[in-house]
Amino acid sequence: MEQVRGHPEILPGFRWYDIPLQDCSIRTAIGGNGPPLLLLHGHPQTHLTWHKVAPVLAEKFTVIAADLRGYGDSSKPDGGPGHINYSKRAMALDQIQVMKALGFGQFSIVAHDRGARVAHRMALDHPDAVDRLVLLDIAPTATMYARTDMEFARRYFWWFFLIQPYPLPERLIAGDPDFFLDQHIERQINNPGAVDPLVLQEYRRCFANPATRHAICEDYRAAASVDLVHDAIDKDKRIQVPLLILWGAKGTVGALYDVLETWADKAIDVRGHAIDCGHSPQEEAPDELLNALKRFL
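Described below are features of the structure shown in this document. Every value quoted in this text rests on a predicted model; they were computed, and no experiment measured them.

## Quick look at the overall build of the protein chain
At step 1: Check the secondary structure of the protein chain and you find 15 helices and nine strands.
At step 2: Computed over its C-alpha atoms, the radius of gyration of the protein chain comes to 17 Å, within 12% of the 19 Å expected for a compact globule of 297 residues.
At step 3: With respect to the principal axes defined by its C-alpha atoms, the protein chain has extents near 45 × 40 × 40 Å.
At step 4: Restricting to contacts in the protein chain with at least 6 residues of sequence separation, those with at least 24 account for 73%.
At step 5: With an accessible surface of roughly 11,900 Å², the protein chain has 52% of that area assigned to carbon and sulfur atoms.
At step 6: Side chains of the protein chain give 31 positive and 38 negative charges; the mean places of these two sets differ by 2 Å.

## Regarding the layout of surface pockets
At step 1: When its volume is computed, the largest pocket comes out at roughly 240 Å³.
At step 2: Taken together, 20 residues form the lining of the largest pocket, with H120, R121, L124, T141 and D231 sitting closest to its centre.
At step 3: Breaking the lining of the largest pocket down by element, the ones donating at least two residues are α2 (88-101), α3 (114-125), α4 (141-146) and α11 (226-233).
At step 4: Residue contributions to the lining of the largest pocket peak at four residues, all from α3.
At step 5: The class makeup of the residues in the lining of the largest pocket is six nonpolar, two polar and 12 charged.

Procedures and definitions
- Residues numbered from 1 in each chain as written.
- Predicted model: local features only at pLDDT ≥ 70, side-chain atom pairs only at ≥ 80, totals over all residues.
- Heavy atoms only, no water.
- Helix = DSSP H or I, 4+ residues; strand = E, 2+ residues; numbered from the N terminus.
- Rg over C-alpha atoms; globule rule 2.2 N^0.38 Å.
- Contact = heavy atoms within 4.5 Å.
- Areas by Shrake-Rupley, 256 points an atom, 1.4 Å probe, with all protein chains shown as cover.
- Lys, Arg positive; Asp, Glu negative; His and termini not counted.
- Charge placed at Lys NZ, Arg CZ, Asp CG, Glu CD.
- 1 Å grid on protein atoms, 1.4 Å probe; cavity = no way out; pocket = protein on both sides within 12 Å on 5 of 7 lines; lining within 4 Å.
- Points joined across faces, edges and corners; volume = space filled by probe spheres on them.
- Nonpolar A, V, L, I, M, F, W, Y, C, P; charged D, E, K, R; others polar.

Quick look at the structure:
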């Protein structure tokens, strides 16, 4: 495990490491003391999406904010046959191995967007490792694809664009990566200015790497193929630990789904509510998110 230069100006008090695994390395930021708490980001963000809440959580927890494989400064392995290396099962195993390398056999998770899909799979595949689970602004992947209609396709067009065969989305995005990333974020953020300029600069730096953009496409391709196979096999499995679902009252998930209903048959103990924001509570409504996390965790 190698300590590396991070972003103390964005996440004060944290230390950064590259944690080597079998086929990749995972960039992590670690801070605080107390019970372990894993934070997992979404697309197109990195672990820095947590900068408004992680320092506060670090007052009570040992906070581990990790870049998913393919994202941020984690490595970008080949997608493999059928995009298997970006299945949520593979991405979940990464984080289990990261936590084991840090000496944590059991931990709680707060996860957003793509990271929340990884965390859902982690709770199914590694139930003994997860203590409590918080998922932000998602409905189950299989549910969202099964209930697709014109309104969902219009709002979440990238679910259908990024899954197109290589190299179509990669080459089109390469024409203006900053524009694509900025438009993606702006379409989902309800609170203008919620994304810190320094953090946005980091998102752009990572997204400028063609390997990152290809890995992101592989993540989405896996979600529309191998992940659905795994979900179908495990359709009767339930999350065994307490599950808190929070979503943006002004976002797509809250507008198109009865969010608690979509999770009612996915977990044995589920609760949750809307937060006054769009897609990214950790950036748009950090105080409201922290209050909910403190009550639950």
